[in-house]
Amino acid sequence: MSKAEFVHLHNHSEYSLLDGAFRIEDMVSRARKMGMNAVALTDHGNMFGVVPFYREASRAGIKPIIGMEAYLARDGIGSRGAGAQSRNDHLVLLVKNREGYRNLIRLSSLAYTEGFYYKPRIDLEILKKYSGGLIGMSACLKGTIPQLLLENRRDQAESFAREIASVFEEGDFYIELQNHGIDKELKVLPELAGLASRVGLPTVVTNDCHFSDGADHQAHDVLLCLQTSGELDDENRKLRSNPETYFKSAEQMRDLFSEHPEAISNTLA
(Lines give C-alpha, C1' and ligand atoms only; values in the text may rest on other atoms or scores of the structure.)
Protein backbone atom coordinates (compact mmCIF):
# COMPACT_ATOMS: atom_id res chain seq x y z
CA MET A 1 0.00 0.00 0.00
CA SER A 2 1.50 3.33 -1.07
CA LYS A 3 1.85 6.02 1.54
CA ALA A 4 -0.29 9.11 1.14
CA GLU A 5 1.45 12.48 1.04
CA PHE A 6 -1.15 13.98 3.36
CA VAL A 7 -2.67 13.27 6.77
CA HIS A 8 -5.82 14.64 8.40
CA LEU A 9 -5.12 16.85 11.42
CA HIS A 10 -8.61 18.22 12.20
CA ASN A 11 -11.13 15.48 13.06
CA HIS A 12 -14.21 15.32 15.27
CA SER A 13 -15.26 11.93 16.59
CA GLU A 14 -18.41 10.84 18.39
CA TYR A 15 -16.82 12.45 21.48
CA SER A 16 -17.51 15.87 19.99
CA LEU A 17 -20.91 15.35 21.52
CA LEU A 18 -23.89 15.84 19.18
CA ASP A 19 -21.50 17.34 16.63
CA GLY A 20 -19.16 14.60 15.41
CA ALA A 21 -20.63 11.55 13.67
CA PHE A 22 -17.28 9.83 13.19
CA ARG A 23 -16.66 6.64 15.17
CA ILE A 24 -13.03 6.35 16.21
CA GLU A 25 -12.61 2.89 14.71
CA ASP A 26 -13.95 4.19 11.37
CA MET A 27 -11.59 7.17 11.46
CA VAL A 28 -8.56 4.96 12.00
CA SER A 29 -9.72 2.39 9.46
CA ARG A 30 -10.29 5.04 6.81
CA ALA A 31 -6.87 6.58 7.40
CA ARG A 32 -5.26 3.16 7.02
CA LYS A 33 -7.15 2.34 3.82
CA MET A 34 -6.07 5.66 2.35
CA GLY A 35 -2.41 4.97 3.10
CA MET A 36 -2.09 7.67 5.75
CA ASN A 37 0.53 6.86 8.37
CA ALA A 38 -0.96 9.16 11.02
CA VAL A 39 -4.25 10.78 12.01
CA ALA A 40 -5.24 13.35 14.63
CA LEU A 41 -8.15 13.50 17.04
CA THR A 42 -9.30 17.07 17.80
CA ASP A 43 -12.63 16.90 19.56
CA HIS A 44 -14.36 20.06 20.74
CA GLY A 45 -13.09 21.14 24.16
CA ASN A 46 -12.41 17.66 25.53
CA MET A 47 -10.11 14.65 25.54
CA PHE A 48 -12.79 12.04 26.23
CA GLY A 49 -11.84 9.91 23.23
CA VAL A 50 -8.06 9.95 23.65
CA VAL A 51 -7.58 6.51 25.23
CA PRO A 52 -9.76 4.53 22.77
CA PHE A 53 -8.27 6.55 19.91
CA TYR A 54 -4.70 5.82 21.00
CA ARG A 55 -5.41 2.10 21.38
CA GLU A 56 -7.26 1.79 18.07
CA ALA A 57 -4.62 3.68 16.08
CA SER A 58 -1.75 1.77 17.70
CA ARG A 59 -3.38 -1.56 16.87
CA ALA A 60 -3.76 -0.45 13.25
CA GLY A 61 -0.15 0.71 12.94
CA ILE A 62 -1.24 4.34 12.56
CA LYS A 63 0.48 7.10 14.51
CA PRO A 64 -2.12 8.66 16.84
CA ILE A 65 -1.79 12.43 17.07
CA ILE A 66 -3.62 13.53 20.20
CA GLY A 67 -5.24 16.92 20.12
CA MET A 68 -8.22 19.09 20.94
CA GLU A 69 -10.08 21.95 19.33
CA ALA A 70 -10.16 24.31 22.28
CA TYR A 71 -12.61 27.11 22.95
CA LEU A 72 -10.55 30.28 23.39
CA ALA A 73 -12.31 33.05 25.33
CA ARG A 74 -11.19 36.16 23.45
CA ASP A 75 -12.00 38.36 26.46
CA GLY A 76 -10.56 35.96 29.06
CA ILE A 77 -12.19 33.13 31.00
CA GLY A 78 -13.57 35.65 33.50
CA SER A 79 -15.90 37.05 30.85
CA ARG A 80 -19.58 36.36 31.48
CA GLY A 81 -22.90 37.77 30.40
CA ALA A 82 -24.16 39.07 27.07
CA GLY A 83 -21.76 38.45 24.21
CA ALA A 84 -19.31 36.26 26.14
CA GLN A 85 -20.63 33.04 24.62
CA SER A 86 -20.34 34.35 21.07
CA ARG A 87 -16.68 35.29 21.60
CA ASN A 88 -15.50 31.74 22.24
CA ASP A 89 -13.11 31.30 19.32
CA HIS A 90 -11.68 27.98 18.19
CA LEU A 91 -8.02 26.94 18.41
CA VAL A 92 -6.59 23.55 17.46
CA LEU A 93 -3.91 22.12 19.76
CA LEU A 94 -1.85 19.04 18.89
CA VAL A 95 0.42 17.06 21.19
CA LYS A 96 4.07 16.93 20.12
CA ASN A 97 5.60 15.01 23.01
CA ARG A 98 5.03 13.81 26.57
CA GLU A 99 5.20 17.34 27.97
CA GLY A 100 2.55 18.42 25.50
CA TYR A 101 0.27 15.57 26.53
CA ARG A 102 0.51 16.58 30.18
CA ASN A 103 -0.16 20.21 29.28
CA LEU A 104 -3.15 19.38 27.11
CA ILE A 105 -4.64 17.45 30.04
CA ARG A 106 -4.12 20.52 32.23
CA LEU A 107 -5.71 22.83 29.67
CA SER A 108 -8.70 20.54 29.18
CA SER A 109 -9.23 20.24 32.93
CA LEU A 110 -8.89 23.98 33.58
CA ALA A 111 -11.33 24.69 30.77
CA TYR A 112 -13.98 22.86 32.78
CA THR A 113 -13.01 23.76 36.35
CA GLU A 114 -12.15 27.44 35.85
CA GLY A 115 -13.27 28.53 32.39
CA PHE A 116 -16.65 26.88 31.87
CA TYR A 117 -19.36 29.21 30.63
CA TYR A 118 -21.67 27.41 28.19
CA LYS A 119 -18.48 25.82 26.84
CA PRO A 120 -15.23 24.66 28.49
CA ARG A 121 -12.92 27.61 27.77
CA ILE A 122 -9.29 28.57 28.06
CA ASP A 123 -7.66 31.92 27.32
CA LEU A 124 -4.26 33.19 26.23
CA GLU A 125 -2.98 33.60 29.78
CA ILE A 126 -3.68 29.97 30.63
CA LEU A 127 -2.30 28.82 27.29
CA LYS A 128 0.96 30.68 27.90
CA LYS A 129 1.47 28.69 31.10
CA TYR A 130 0.84 25.31 29.49
CA SER A 131 1.94 25.58 25.86
CA GLY A 132 5.11 23.50 26.13
CA GLY A 133 5.14 20.51 23.83
CA LEU A 134 2.08 21.66 21.91
CA ILE A 135 1.53 22.66 18.29
CA GLY A 136 -1.14 25.26 17.52
CA MET A 137 -3.30 25.72 14.42
CA SER A 138 -5.55 28.68 13.72
CA ALA A 139 -8.68 26.49 13.27
CA CYS A 140 -11.78 26.90 11.13
CA LEU A 141 -13.82 30.00 10.31
CA LYS A 142 -14.55 30.28 14.04
CA GLY A 143 -10.88 30.76 14.85
CA THR A 144 -9.79 34.19 16.09
CA ILE A 145 -7.66 35.04 13.05
CA PRO A 146 -10.30 34.15 10.42
CA GLN A 147 -12.94 35.98 12.47
CA LEU A 148 -10.86 39.17 12.64
CA LEU A 149 -10.17 39.01 8.91
CA LEU A 150 -13.87 38.58 8.16
CA GLU A 151 -14.54 41.63 10.34
CA ASN A 152 -12.03 43.57 8.18
CA ARG A 153 -9.76 44.00 11.21
CA ARG A 154 -6.63 42.96 9.35
CA ASP A 155 -4.12 44.76 11.56
CA GLN A 156 -5.58 43.12 14.64
CA ALA A 157 -5.56 39.73 12.92
CA GLU A 158 -1.87 40.13 12.13
CA SER A 159 -1.11 41.34 15.65
CA PHE A 160 -2.95 38.42 17.19
CA ALA A 161 -1.18 35.98 14.86
CA ARG A 162 2.20 37.27 16.05
CA GLU A 163 1.10 37.13 19.70
CA ILE A 164 -0.25 33.60 19.65
CA ALA A 165 2.65 32.31 17.56
CA SER A 166 4.99 33.59 20.29
CA VAL A 167 3.19 31.37 22.81
CA PHE A 168 4.49 28.24 21.07
CA GLU A 169 8.01 27.19 20.20
CA GLU A 170 9.27 28.74 16.98
CA GLY A 171 7.67 27.09 13.96
CA ASP A 172 4.96 25.38 16.01
CA PHE A 173 2.01 27.62 15.14
CA TYR A 174 0.36 27.14 11.75
CA ILE A 175 -2.18 29.15 9.80
CA GLU A 176 -4.87 26.63 8.89
CA LEU A 177 -6.31 26.63 5.36
CA GLN A 178 -9.72 25.07 4.74
CA ASN A 179 -12.09 24.84 1.77
CA HIS A 180 -15.53 23.31 2.19
CA GLY A 181 -17.11 25.49 -0.48
CA ILE A 182 -18.37 28.07 2.05
CA ASP A 183 -18.47 31.63 0.70
CA LYS A 184 -16.80 33.12 3.77
CA GLU A 185 -14.10 30.45 3.64
CA LEU A 186 -13.33 31.17 -0.01
CA LYS A 187 -13.16 34.88 0.82
CA VAL A 188 -10.78 34.49 3.74
CA LEU A 189 -8.55 31.76 2.28
CA PRO A 190 -6.25 34.07 0.25
CA GLU A 191 -6.18 36.52 3.16
CA LEU A 192 -5.01 33.79 5.53
CA ALA A 193 -2.30 32.74 3.10
CA GLY A 194 -1.23 36.37 2.69
CA LEU A 195 -1.14 36.95 6.43
CA ALA A 196 0.97 33.84 6.93
CA SER A 197 3.46 35.11 4.34
CA ARG A 198 3.70 38.57 5.91
CA VAL A 199 4.09 37.30 9.46
CA GLY A 200 6.38 34.44 8.50
CA LEU A 201 4.18 31.60 9.70
CA PRO A 202 3.80 28.19 8.07
CA THR A 203 0.46 27.13 6.60
CA VAL A 204 -1.24 23.75 6.86
CA VAL A 205 -4.23 22.30 5.01
CA THR A 206 -7.04 20.59 6.89
CA ASN A 207 -10.56 19.35 6.27
CA ASP A 208 -12.92 19.86 9.20
CA CYS A 209 -13.93 16.19 9.30
CA HIS A 210 -17.14 15.32 11.16
CA PHE A 211 -18.03 12.05 9.42
CA SER A 212 -16.47 9.29 7.38
CA ASP A 213 -17.68 9.79 3.81
CA GLY A 214 -20.20 11.77 1.80
CA ALA A 215 -22.94 9.20 2.33
CA ASP A 216 -22.99 10.08 6.05
CA HIS A 217 -23.98 13.68 5.43
CA GLN A 218 -27.70 13.25 6.13
CA ALA A 219 -27.08 11.29 9.34
CA HIS A 220 -24.81 14.10 10.52
CA ASP A 221 -27.54 16.63 9.71
CA VAL A 222 -29.92 14.69 11.96
CA LEU A 223 -27.33 14.77 14.74
CA LEU A 224 -27.07 18.55 14.48
CA CYS A 225 -30.84 18.83 14.70
CA LEU A 226 -30.69 16.87 17.95
CA GLN A 227 -28.04 19.27 19.24
CA THR A 228 -30.04 22.39 18.45
CA SER A 229 -33.60 21.03 18.91
CA GLY A 230 -34.13 21.79 15.23
CA GLU A 231 -36.14 20.04 12.55
CA LEU A 232 -34.78 18.80 9.23
CA ASP A 233 -37.42 20.58 7.18
CA ASP A 234 -36.91 23.93 8.90
CA GLU A 235 -35.25 26.14 6.29
CA ASN A 236 -34.29 28.69 8.95
CA ARG A 237 -32.52 26.39 11.39
CA LYS A 238 -29.21 27.84 12.53
CA LEU A 239 -26.99 24.79 12.10
CA ARG A 240 -26.69 22.56 9.05
CA SER A 241 -24.29 19.81 8.11
CA ASN A 242 -21.81 20.70 5.39
CA PRO A 243 -21.56 17.80 2.90
CA GLU A 244 -17.83 18.47 2.41
CA THR A 245 -16.84 17.84 6.04
CA TYR A 246 -15.92 14.21 5.45
CA PHE A 247 -12.62 12.32 5.49
CA LYS A 248 -11.25 13.04 2.02
CA SER A 249 -8.41 11.27 0.25
CA ALA A 250 -4.97 12.80 -0.19
CA GLU A 251 -5.72 13.19 -3.90
CA GLN A 252 -8.91 15.13 -3.18
CA MET A 253 -7.09 17.42 -0.78
CA ARG A 254 -4.27 18.05 -3.26
CA ASP A 255 -6.81 18.94 -5.93
CA LEU A 256 -8.57 21.36 -3.56
CA PHE A 257 -5.33 23.09 -2.60
CA SER A 258 -3.23 22.81 -5.73
CA GLU A 259 -2.02 26.38 -5.16
CA HIS A 260 -0.73 25.51 -1.68
CA PRO A 261 1.54 22.43 -2.06
CA GLU A 262 3.66 23.40 0.94
CA ALA A 263 0.58 23.52 3.18
CA ILE A 264 -0.25 19.99 2.01
CA SER A 265 3.25 18.67 2.76
CA ASN A 266 3.25 20.42 6.15
CA THR A 267 0.60 17.94 7.33
CA LEU A 268 3.41 15.36 7.35
CA ALA A 269 5.65 17.59 9.42
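Residues numbered from 1 in each chain as written. Predicted model: local features only at pLDDT ≥ 70, side-chain atom pairs only at ≥ 80, totals over all residues. Heavy atoms only, no water.

## Considerations on the overall build of the protein
- On a plain count of helices and strands, the protein comes out with 10 helices and 7 strands.
- Per-residue burial for the protein yields a buried fraction of 55% across its 269 residues.
- Counting contacts in the protein only where the partners sit at least 6 residues apart, residues at least 24 apart contribute 76% of the total.
- With an accessible surface of roughly 12,600 Å², the protein has 47% of that area assigned to carbon and sulfur atoms. (Helix = DSSP H or I, 4+ residues; strand = E, 2+ residues; numbered from the N terminus. Buried < 20%, exposed > 50% of the residue type's maximum accessible area, 1.4 Å probe, protein only. Contact = heavy atoms within 4.5 Å. Areas by Shrake-Rupley, 256 points an atom, 1.4 Å probe, with all protein chains shown as cover.)

## Here's the deal with unusual backbone geometry
- For Ala 139, which is not a glycine, the phi torsion comes out positive at approximately 75 degrees.
- Looking at where Ala 139 falls in the secondary structure, it is placed in the loop between strand S5 (134-137) and helix H5 (144-150).
- With phi around 60 degrees, Asn 152 is a residue other than glycine that occupies positive phi space.
- Structurally, the position occupied by Asn 152 is in the loop between H5 and helix H6 (154-167).

## Section: the nonpolar core
- Counting residues in hydrophobic clusters, the biggest one holds 74 residues, and the most contacted among them are Leu 93, Leu 127, Ile 145, Phe 173 and Ile 175.
- Among all residues touching Phe 173, those that are not within four sequence positions of it are Leu 91, Gly 136, Met 137, Ser 138, Ile 145, Ile 164, Ala 165, Phe 168, Leu 201 and Pro 202. (Core = buried A, V, L, I, M, F, W, Y, C linked by side-chain atoms within 4.5 Å.)

## A short note on the packing of aromatic side chains
- Within the structure shown, the criterion is met by 5 aromatic pairs.
- Judged by centre distance (5.7 Å) and plane angle (75 degrees), the ring pair of Phe 22 and Phe 247 falls under edge-to-face. Separated by 225 residues along the polypeptide, Phe 22 in the segment before helix H1 (24-33) and Phe 247 in the loop between helix H8 (217-228) and helix H9 (250-256) bring together distant segments of the chain. Per residue, the accessibility class of Phe 22 equals that of Phe 247, and both read buried.
- Taken together, a centroid distance of 5.9 Å and an interplanar angle of 20 degrees make the contact between Phe 168 and Phe 173 stacked.
- When its relative accessible area of 2% is taken as the criterion, Phe 173 is described as buried.
- Through a chain of ring-to-ring contacts, three or more aromatic side chains come together here, namely Phe 48, Tyr 112 and Phe 116. (Phe/Tyr/Trp six-rings, centres within 6.5 Å; stacked < 30°, edge-to-face > 60°.)

## A look at the pattern of salt bridges
- In total, this model carries 12 salt bridges according to the counting rule given.
- Across the pair Glu 56 and Arg 59 runs a salt bridge whose closest N-O atoms are separated by 2.8 Å. Taken together, the residues Glu 56 and Arg 59, both in helix H2 (residues 50-60) and 3 residues apart, mark about one turn of the helix.
- For Glu 56, a relative accessible area of 23% puts it in the partly exposed group.
- A relative accessible area of 63% places Arg 59 in the exposed class.
- In this structure, the salt-bridge partner of Arg 154 is Glu 191, at a minimum N-O distance of 2.9 Å. In this pair, Arg 154 is assigned in helix H6 and Glu 191 in helix H7 (residues 183-199), connecting sequence segments 37 residues apart.
- Using a relative accessible area of 18% as the deciding quantity, one classes Glu 191 as buried. (Salt bridge = Lys/Arg side-chain N within 4 Å of Asp/Glu carboxyl O.)

## Observations concerning the packing of H1 against H2
- Contact geometry of H1 with H2 gives a least axis separation of 9 Å together with a crossing angle of 30 degrees. By the criterion of interaxial angle, the relationship of H1 to H2 is roughly parallel. The handedness of the crossing between H1 and H2 is right-handed. Across from Ile 24, Glu 25, Met 27, Val 28 and Arg 32 in H1, the residues of H2 making contact are Pro 52, Phe 53, Glu 56, Ala 57 and Ala 60.
- In terms of residue class, the contact of H1 with H2 is made up of 7 nonpolar, no polar and 3 charged. (Axes fitted to C-alpha atoms, helices over the stretch in contact; angles between N-to-C directions. Parallel < 35°, antiparallel > 145°, perpendicular 65-115°, else oblique. Left-handed = near helix turned anticlockwise from the far one by under 90°. Nonpolar A, V, L, I, M, F, W, Y, C, P; charged D, E, K, R; others polar.)

## Describing the environment of Leu 148
- The residue Leu 148 is located in helix H5 in this model.
- For Leu 148, a relative accessible area of 4% translates into the label buried.
- Sequence-wise, Leu 148 and Phe 160 are 12 residues apart; in three dimensions their C-alpha atoms are separated by 9.2 Å.
- Look past the residues within four positions of Leu 148 in its chain and what remains in contact with it is Arg 74, Arg 153, Arg 154, Gln 156, Ala 157 and Phe 160.

## A look at the environment of Thr 267
- With respect to the helices, strands and loops of the structure, Thr 267 is situated in the segment after helix H10 (261-265).
- On the basis of relative accessible area, Thr 267 is assigned to the buried category, the value being 5%.
- When neighbours within four sequence positions are excluded, Thr 267 is seen to be in contact with Phe 6, Val 7, Leu 9, Val 204 and Val 205.
- One polar contact links the side chain of Thr 267 to the main-chain amide nitrogen of Val 7, over a distance of 3.2 Å. (Polar contact = N/O pair within 3.5 Å; in protein donor to acceptor, adjacent residues only side chain to side chain.)

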